[in-house]
Amino acid sequence: DGPLESIDTSGIALAASVSSDAFAFIGVAVTSATVIVYGEAIWDPVALLARIGNPLVIIFGALVVMLAQLTTNMAANVVSPANDFSSLSPKRTNYVTGGLITAATGIVMMPWKLYADAAAYIFTWLIGYSSLMGAVGGILIADYWVLRRQQLALSELFKTTGRYQYSNGTNWKAVIALVVAILPVAPGFLRAALTPGGQVADPGLLDHLYTYAWFVTFALSFGLYLGLM
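What you see is a predicted model; the values in this text were computed from it and never measured.

Conventions we followed
Residues numbered from 1 in each chain as written. Predicted model: local features only at pLDDT ≥ 70, side-chain atom pairs only at ≥ 80, totals over all residues. Heavy atoms only, no water. Core = buried A, V, L, I, M, F, W, Y, C linked by side-chain atoms within 4.5 Å. Buried < 20%, exposed > 50% of the residue type's maximum accessible area, 1.4 Å probe, protein only. Contact = heavy atoms within 4.5 Å. Salt bridge = Lys/Arg side-chain N within 4 Å of Asp/Glu carboxyl O. Helix = DSSP H or I, 4+ residues; strand = E, 2+ residues; numbered from the N terminus. Polar contact = N/O pair within 3.5 Å; in protein donor to acceptor, adjacent residues only side chain to side chain. Axes fitted to C-alpha atoms, helices over the stretch in contact; angles between N-to-C directions. Parallel < 35°, antiparallel > 145°, perpendicular 65-115°, else oblique. Left-handed = near helix turned anticlockwise from the far one by under 90°. Phe/Tyr/Trp six-rings, centres within 6.5 Å; stacked < 30°, edge-to-face > 60°.

Peer 1: Quick rundown of the nonpolar core? Include the residues and the values.
Peer 2: Among the nonpolar cores identified, the biggest contains nine residues, and these are I127, A135, A181, I182, V185, A192, Y210, A213 and V216. Each residue touching Y210, except ones within four places of it in the same chain, is listed here: F123, T124, I127, G128, V185, G188, F189 and A192. Counting residues in hydrophobic clusters, the runner-up holds five residues, among them I139, A142, A174 and Y225.

Peer 1: Please give an account of the pattern of salt bridges that cites residues and values.
Peer 2: In total, this model carries four salt bridges according to the counting rule given. Across the pair E40 and R51 runs a salt bridge, and its minimum N-O distance is 2.6 Å. Highlighted residues: E40 in the loop between α1 (10-38) and α2 (45-52) and R51 in helix α2, separated in sequence by eleven residues. Classification of E40 by relative accessible area gives partly exposed; the value is 39%. For R148, the salt bridge goes to D143, with nearest N and O atoms at 2.7 Å. The exposure class of R148 is partly exposed, given its relative accessible area of 22%. When its relative accessible area of 15% is taken as the criterion, D143 is described as buried.

Peer 1: Please provide a residue-by-residue account of α2, values included.
Peer 2: Capping the start of α2 is the job of one residue whose side-chain oxygen sits 3.0 Å from the backbone nitrogen of V46: D44. Residue G53 follows α2 closely and has a positive phi angle near 85 degrees.

Peer 1: Give a description of the packing of helix α6 (residues 118-147) against helix α8 (residues 186-193) that names residues and reports values.
Peer 2: The N-to-C vectors of α6 and α8 enclose an angle of 155 degrees; their axes lie 9 Å apart at closest approach. As far as their axial angle goes, α8 and α6 are roughly antiparallel. By crossing handedness, the relation of α6 to α8 is classed as left-handed. Facing α6, whose interface residues are F123, T124 and G128, α8 presents F189, A192 and A193.

Peer 1: Describe the environment of S155, naming the residues involved and giving the relevant values.
Peer 2: Among the secondary structure elements, S155 is positioned in the loop between β2 (151-152) and α7 (172-182). For S155, a relative accessible area of 18% translates into the label buried.

Peer 1: Quick rundown of the packing of aromatic side chains? Include the residues and the values.
Peer 2: Tallying each qualifying case throughout the model produces six aromatic pairs. A ring pair is formed by Y144 and W145, whose centres lie 5.7 Å apart and whose planes are at 90 degrees; its orientation type is edge-to-face. Its relative accessible area of 15% is what places Y144 among the buried residues. Taken together, a centroid distance of 4.9 Å and an interplanar angle of 15 degrees make the contact between W214 and F218 stacked. Of this pair, W214 and F218 both sit in helix α10 (residues 213-228), four residues apart, which is roughly one turn of the helix. Its relative accessible area of 36% is what places W214 among the partly exposed residues. Residue classification places F218 among the buried residues on the basis of a relative accessible area of 19%. Taken together, the aromatic side chains of W214, F215, F218 and F222 make up a single cluster linked through ring pairs.

This is the structure we're talking about:
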């Protein structure tokens, strides 16, 4: 209770959004520059370093990539699922075990195969992944920015009978909004996943919906969640 009972985190969210946009812009700008310099789009930083060829640049770039993997990618991609796995059964699974499960799952997924075919990577993995992220993002933004007006009752997060308890810990309205928002793009995803390269020859309406999966699922989940809540 006290000053942290209700906190406004909109400033943090805005800073995160701006930094994410900046990183995305740098990626697009550098990749676009490779088209001018080398005549082709080189989006892989490791491949770009090899193309530059200067030994000092390669060594420096390799160190930067290694540090980025250890300090940023590991933290961003392992911490969250490790916490998720440990939260499923806190009595049996701790954070370290959750991290090991995450690492094993990452290997079983064979991510190197996703990068083997750029078209399949874009049209199956990235767009399919974006459909989930759009649906989740629509619910989060609708709940935090619209319904709660950027106010978070911190102490209530740790109460089993608090305002965020819902039905046995699950907000079924959010689950319904998530599932219904994904349904329209699911047929297009399945068709793309079963098509070599992920590019369907004669796309129909459902295929076009899948192409814009993030926008479709975001709008649907946003509207459905607001209506249900």
